[in-house]
Amino acid sequence: MSKKQQYSVLLDTSFVIRLLSLGDPLHDNALGYYKYFLDNHIEMKISTISIAEYCVKGEVSELPLANLKIIPFNFDHAVVAGQYAQTLYRAKNNGTLSIDNRLIIPNDTKLFAQASKDKDVKYFVTSDTKSAAAIKTISDINSVTFFHLDIHTPPKVLFSTSINPFYFIVFS
């Protein structure tokens, strides 16, 4: 990491989709965050899992890989992802967490594990508002070392303070 950079971010597939979809209602927000990260030398990371998810409907050549660091999913991530998934499945089964799609749990927990195992990642950047509840549920039982950054909040709102706006990000 450069000296100016204090942390990095892990980009969710939903963020990348919004960034690359000009007609998406969240495109401008995604683009604003992307530019902020670039302008402030904040390293943007993308998981091989997110790349695979994007390639279901898109082409890998569309991704701005020159500005992203690719994070492969590894053994340590797998162990933590299993723990996180177990926590979420228990919460779903006992009714403390509502998740519409069961398939979301495995991929999201893999990304959360990658964010937690990377000491530099401080924010999981996403348009998935429900992932905040999943991260909160996990953090109640397991160690989580990152925060949820929801791009529904426009970057100009988040960055309009002279104090580091990321100090105000909390689980909702």
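Procedures and definitions
Residues numbered from 1 in each chain as written. Predicted model: local features only at pLDDT ≥ 70, side-chain atom pairs only at ≥ 80, totals over all residues. Heavy atoms only, no water. Core = buried A, V, L, I, M, F, W, Y, C linked by side-chain atoms within 4.5 Å. Buried < 20%, exposed > 50% of the residue type's maximum accessible area, 1.4 Å probe, protein only. Helix = DSSP H or I, 4+ residues; strand = E, 2+ residues; numbered from the N terminus. Contact = heavy atoms within 4.5 Å. Phe/Tyr/Trp six-rings, centres within 6.5 Å; stacked < 30°, edge-to-face > 60°.

Caption draft 1: Expanded view of the nonpolar core. Val 9, Leu 11, Phe 15, Tyr 33, Phe 37, Val 125 and Ile 151 are the most contacted members of the largest nonpolar core, which totals 24 residues. Counting only elements with at least two residues in this core, the list comes to β1 (8-11), α1 (13-20), α2 (27-39), β2 (43-47), α3 (48-54) and β4 (121-126). Examining the composition of this core, we find that four residues originate from one element, α2, more than from any other. Beyond its immediate stretch of four places on either side in the chain, Val 9 contacts Phe 37, Ile 42, Glu 43, Met 44, Lys 45, Val 121, Tyr 123 and Val 125.

Caption draft 2: Representation of unusual backbone geometry in the model. Positive phi values are uncommon outside glycine, yet His 41 reaches one of about 55 degrees. Note that His 41 resides in the loop between α2 and β2.

Caption draft 3: Up close: the packing of aromatic side chains. All chains considered together, the criterion is met by seven aromatic pairs. For the ring pair Phe 112 and Phe 146, a centre distance of 6.0 Å and an interplane angle of 35 degrees mean the geometry is tilted. Here Phe 146 lies in the loop between α6 (131-141) and β5 (147-150) and Phe 112 lies in helix α5 (residues 104-117), a separation of 34 residues in the sequence. The same class applies to Phe 112 and to Phe 146, which are both buried. Grouping aromatic residues by their ring pairs yields a cluster made of Tyr 7, Tyr 123 and Phe 147.

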